[in-house]
Amino acid sequence: MGRTTIVIAHRLSTIRNADLIIALERGEVMEDGTHNELMDRKGLYYELVTAQQRKEKDEDEDMLDDDKQVQLLKKNYPRHLRTLSLVSAKSAGSDVSDMEENDSENVEIKNKKCCHQPFIFKILKLNLPEIYWIIIGCIASIIFGAITPIFSFFFSQIYALFAEPDVAKANIETRNYALVIFFIGIFGGLCQCVSSIAFSKSGEALTMRMRIISFSSMLRQEIGWFDKEQNSLGALVTQLSSDTSNLKGLSGVRMGVIFNAVGAIVCSLTIAFQAGWKLTFIVLLFVPLMVFSGILQGKRMTDTKKSNEKNNSKLSWSEKGGTYATEAIDSVRTVVGLHQEEFFISRYEDCFQKEFKRTMIKIQIQSLGTGLANSIMFFIHAASFGYGSVLVENGEMEAPLVFRVFSVITFGAMSVGRSTAMIPDYAKGKESAIRILNLNKRQSQIDPQNPDGIVLDNLTGNIEFEQVKFVYPSRPTLRVLKGFDLPAKASQTTAICGPSGSGKSTCVALLLRFYDPYQGSILLDGHDIRELSLPWLRSQLGFVQQEPVLFNLSIHDNIAYGDNTREVSQHEIEEAARKANIHSTIISLPEGYNTMCGAKGSQLSGGQKQRIAIARALVRNPKILLLDEATSALDVRSEKVVQEALDVARNGRTCLTIAHRLATIRNSDKIVVVDRGRIKESGTHDELMDQRGIFYKLNMAQERDDE
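Residues numbered from 1 in each chain as written. Predicted model: local features only at pLDDT ≥ 70, side-chain atom pairs only at ≥ 80, totals over all residues. Heavy atoms only, no water.

What UniProt states about the chain under its Subcellular location (unreviewed entry) heading is, verbatim, "Membrane". According to UniProt, the comment filed for the chain under the heading Sequence similarities (unreviewed entry) is "Belongs to the ABC transporter superfamily. ABCB family. Multidrug resistance exporter (TC 3.A.1.201) subfamily." (UniProt positions renumbered as here; feature names shortened; annotations may be inferred.)

Q: Would you take a moment to explain the sheet that holds strand β6 (residues 519–524) for this structure?
A: Across a sheet, paired strands are connected by hydrogen bonds in the backbone, their directions being either parallel or antiparallel. Taken together, four strands build an open sheet; the order of strands is β4-β3-β6-β7 and the sheet is antiparallel. Edge positions in the sheet fall to β4 (479–488) and β7 (527–528), since each has one partner strand and no second. Sheet topology note: the strand β3 (residues 463–471)/β4 ladder contains six bridges and is antiparallel. Following the sheet pairing, E464 is matched in β4 by P487. (Pairing = 2+ DSSP bridges. Helix = DSSP H or I, 4+ residues; strand = E, 2+ residues; numbered from the N terminus.)

Q: Could you clarify how one ought to interpret the pattern of salt bridges in this entry?
A: Pairing is possible between side chains that carry opposite charge, provided their charged atoms lie close to one another. Within the structure shown, the criterion is met by nine salt bridges. Of the charged contacts in the structure, one is a salt bridge between D675 and R676, with a shortest N-O distance of 3.3 Å. Using a relative accessible area of 18% as the deciding quantity, one classes R676 as buried. (Salt bridge = Lys/Arg side-chain N within 4 Å of Asp/Glu carboxyl O. Buried < 20%, exposed > 50% of the residue type's maximum accessible area, 1.4 Å probe, protein only.)

Q: Honestly, empty space enclosed by the protein in this entry has me stumped. Any pointers?
A: Regions of empty space are outlined by a rolling probe, equal in size to a water molecule, passed over the atoms. The final tally for this structure, using the stated rule, is two cavities of 30 Å³ or more. The volume enclosed by the second largest cavity comes to roughly 40 Å³. Lining the second largest cavity are I555, I582, T585, I586, L589, L604, Q608 and I612. For the lining of the second largest cavity, the class distribution of residues is six nonpolar, two polar and no charged. (1 Å grid on protein atoms, 1.4 Å probe; cavity = no way out; pocket = protein on both sides within 12 Å on 5 of 7 lines; lining within 4 Å. Points joined across faces, edges and corners; volume = space filled by probe spheres on them. Nonpolar A, V, L, I, M, F, W, Y, C, P; charged D, E, K, R; others polar.)

Q: How should I be thinking about the UniProt feature "transmembrane region" (unreviewed entry) in the chain in this particular structure?
A: Per the UniProt record, "transmembrane region" (unreviewed entry) is found at residues 131–156, 176–199, 255–273, 279–296 and 367–389. Summarising residues 131–156: 100% helix, 0% strand, and an end-to-end C-alpha distance of 38 Å. Here residues 255–273 runs as 100% helix and 0% strand, with 27 Å between its end C-alpha atoms.

Q: Before we go on, may I ask you to explain the nonpolar core in this structure?
A: Across soluble globular proteins, nonpolar side chains have a tendency to be buried as a group. Among the nonpolar cores identified, the biggest contains 35 residues, and F465, L481, F484, I496, L524, L537 and L626 are the most heavily contacted of them. Elements represented by at least two residues in this core include exactly β3, β4, α18 (504–511), β6, α19 (534–539), β9 (624–628), β10 (654–658) and β11 (670–675). Ignoring sequence-local partners within four residues, the contact set of L481 consists of V468, K469, F470, G503, T506, C507, L510 and G677. (Core = buried A, V, L, I, M, F, W, Y, C linked by side-chain atoms within 4.5 Å. Contact = heavy atoms within 4.5 Å.)

Q: Would you take a moment to explain the environment of N558 for this structure?
A: Counting through the fold element by element, N558 comes out in helix α20 (residues 555–560). With a relative accessible area of 0%, N558 lands in the buried category. On a C-alpha basis, the gap between N558 and R616 in space is 6.9 Å, while along the polypeptide they are 58 residues apart. Excluding anything up to four places from it in sequence, N558 contacts L550, F551, L553, C597 and R616. Only 3.4 Å separates the side chain of N558 from the backbone oxygen of L553, close enough to count as a polar contact. (Polar contact = N/O pair within 3.5 Å; in protein donor to acceptor, adjacent residues only side chain to side chain.)

Q: When you look at the packing of helix α7 (residues 167–220) against helix α9 (residues 233–246) in this model, what are you seeing that I'm missing?
A: Packing of α7 against α9 brings their axes to within 9 Å, and their N-to-C directions diverge by 155°. Classified by the angle between their axes, α7 and α9 sit roughly antiparallel to one another. For the element pair α7 and α9, the recorded crossing hand is right-handed. Between α7 and α9, the residues in contact are T207, M210, R211, S214, F215 and M218 and L236, L240, T244 and S245, respectively. (Axes fitted to C-alpha atoms, helices over the stretch in contact; angles between N-to-C directions. Parallel < 35°, antiparallel > 145°, perpendicular 65-115°, else oblique. Left-handed = near helix turned anticlockwise from the far one by under 90°.)

Q: Explain helix α11 (residues 277–284) to me, please; I cannot follow it from the model alone.
A: Counting along an α-helix, one turn takes 3.6 residues, and residues three or four places apart therefore face a common direction. For α11, the complete set of buried residues consists of L279, T280 and V283. Buried positions in α11, seen along its axis, are confined to an arc of 105° and lie on one side of it. (Arc of directions from axis to C-beta.)

Q: Before we go on, may I ask you to explain the packing of helix α6 (residues 131–161) against α7 in this structure?
A: Geometry of a packed helix pair, given as the angle between the helix axes and the separation of the axes. Between α6 and α7, the shortest axis-to-axis distance is 8 Å and the interhelical angle comes to 160°. Here α7 runs roughly antiparallel to α6, going by the angle between their axes. Both α6 and α7 take part in a crossing whose hand is left-handed. By residue class, the composition of the contact of α6 with α7 is 26 nonpolar, eight polar and two charged.

Q: Teacher, can you tell me more about unusual backbone geometry here?
A: Most peptide bonds are trans, and most residues other than glycine sit at a negative phi. Even without being glycine, R513 reaches a positive phi, approximately 60°. Tracing the sequence through the fold places R513 in the loop between α18 and β6. Accessibility expressed as a relative area gives 3% for R513, which makes it buried. Although it is not a glycine, R692 adopts a positive phi angle of roughly 55°. Mapped onto the fold, R692 is located in the loop between α25 (685–691) and α26 (694–706).

Q: Please explain a nonpolar patch on the surface as it appears in this structure.
A: Side chains of Y132, I135, I139, I143 and F187 sit close together on the surface and give an oily, nonpolar patch of about 520 Å² of accessible area. Top contributing element to the nonpolar patch by residue count: α6, with four residues. Residue placement: I139 occurs in helix α6. (Patch = residues over 30% accessible without salt bridge, like charges linked within 9 Å, V, L, I, M, F, W, Y side chains within 5 Å. Areas by Shrake-Rupley, 256 points an atom, 1.4 Å probe, with all protein chains shown as cover.)

Q: Looking at this structure, I do not really get the packing of aromatic side chains. What am I missing?
A: Any aromatic ring pair is given by two values, namely how distant the centres are and how the planes are angled relative to each other. Tallying each qualifying case throughout the model produces 18 aromatic pairs. Considering the side-chain rings of F551 and Y561, the 5.3 Å spacing of their centres and the 55° angle between planes classify their relative orientation as tilted. Of this pair, F551 sits in the loop between β8 (541–544) and α20 while Y561 is found in the loop between α20 and α21 (570–579), placing the two residues ten residues apart along the sequence. (Phe/Tyr/Trp six-rings, centres within 6.5 Å; stacked < 30°, edge-to-face > 60°.)

Q: How do you make sense of the sheet that holds strand β5 (residues 493–497) when you look at a structure like this?
A: With respect to topology, six strands assemble into an open sheet ordered β8-β9-β10-β5-β11-β12, the strand pairing being mixed. Taken across any chain shown, the strands that pair with only one partner, and hence form the sheet edges, are β8 and β12 (678–683). The average angle at which neighbouring strand axes cross in this sheet is 20°, direction not considered. As paired elements, β9 and β10 share five bridges and run parallel to each other. Residue pairing across strands places L625 opposite C655, the latter belonging to β10. α18 rests against β5, β8, β9 and β10 of the sheet, and its axis sits at about 140° to β10. Against the sheet, helix α23 (residues 606–618) contacts β8 and β9, and its axis sits at roughly 175° relative to β8.

Q: Looking at this structure, I do not really get the pairing of β6. What am I missing?
A: For a regular strand, the rule is simple: side chains alternate between the two faces of the sheet. The sheet contact formed by β3 and β6 spans five bridges and is antiparallel. What sits directly across from E464, in β6, is L523. Pairing of β6 with β7 involves two bridges; the strand directions are antiparallel. Bridge pairing in β7 links L524 to H527.

Q: What exactly am I supposed to notice about the side chain of R611 here?
A: Inspection of the secondary structure puts R611 in helix α23. Look at R611 and you get buried, because its relative accessible area is 11%. The residues touching R611, leaving out its near neighbours within four places in the chain, are A580, N581, I582, T585, V641 and V642.

This is the structure in structure tokens:
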């Protein structure tokens, strides 16, 4: 009120009461006036208002429909699962994120129920192929552990000889005992060598096996699993490296140290009780302190890690740091081009500073346990000699026996102390093993390695989307496809276009079964693709995406990767390259088909990478070709060459094309326009231009931009 106000408006309903409304197009004033005056003229402003009203009406209907579907899905979800086939039941869960959270809670409950069984037994099951090495290592470690108290027994005997009045006898027995100790040392060294070899063999084999299990389990998961924040690239790479390394705390040489302690304790107690049971009991009173120090070092660390990170389903600070590092290195050209090096360095440093502070708190607690464990020895010295002198004075023990009890308990405690120091490594190894086992136990909702399902003998290539409704698991409130219906006839090219975010690429992702719809079905020759064998289905599809991914291999190997079910001949590779219009370019290179592509094809241009990707798709001779904006990222010259290759590639095949540049789909047999998850228009290029609808406006806008 009382001010001159200029309003820039997108929602025209907000300026209905303005004193003056000016309509602009391409920098020129087309008309001006009040709301009612402009509506009466039925010009540009009128078209914008009516179009926006229709859009808001459609959005309201969509939101109402979506809310009903969400409520219906949540209400009938258990019943829905009971009526689906096994494959469908698995796939339906991929689109309901809170259901997955309940599943993870169930896993935790099951883990708690199974905790009565010692966890080490579960690991030993995975280590069964090396069970003979483990048995040999256990025997050798127990013997080596018993050698230490036996040495202390002869050591105490030598000390007792210093009180022997017969010097000649003392010299002879001292030499004999020294010779025995020498052979004990040789025998102990052999036992330690055998133990180290055996446990190193079993431990490294377990680590390798768990690393393979972890990696294969990751690749077996559905695409929706990778969309979650906690399963980002950096987090998974960090987990793959750190978890498998931490497994060494459960096996290998550390297991040998534990069995050393077992042998030392049994042998020490046997000798000590035989020498003097009263003094032995006094010394054993310090065992609770030793156990308490081990708990401080190990269990506290495990509980802190579990409560702070995993229960909240958040990434640890080290995993977040790994994510930043992966993003920066993976996109180093973009980072350098935008001069954002310091930004990523500061983020990376901040993550590890927080990890450092959290670790320092943990280290203080562990240090208390370590200090207590190391100081116990002094307490044992004081108690042994103090109470031992009383027993000698009362005639209940002889002085050499006091020193014998002290020696065997002392050396036995040293072995126990070494094993206690390994408790933190065991705790970390256990947590890592639990994560790996849970990952391996997780059933992928769309398992790419599952061969079960129908295999069609004669595939024609008719595709049909029937009332498909879909949401991405990572964005469960955003409906992408809403009752999507699309028939694509065999041997014809069907193009899908529309505004960004309308659901075009989602159609290709659903056909490849990266995801499954929560309602509706996708039919291939009349069969629901969820009933088909997934490996077979994907072998019939050739997929070329906007940004092709080439491996750091030769051009020959990259093209041959298109069909891993057989040995692809050089002739087939060259024929696919000719169809992709890249053969002449390849043979002009110094090394021809043996030219290395570099990481992500960095040694090739965008057009060359795209044509190699087309050749890779064609080498398997697919019945269906899927093109997801295959030319949108190329310059005009490269686009023309790639488009010629695509025109050849789709001859005689069912082709589903996602297009951003509408000029590339002019000759398609059928063009459908998708907007907000629904098909708004359908027909040939000329038919859609005559309708003067969404396709007409998109096409005219692109032509103006090209001008």
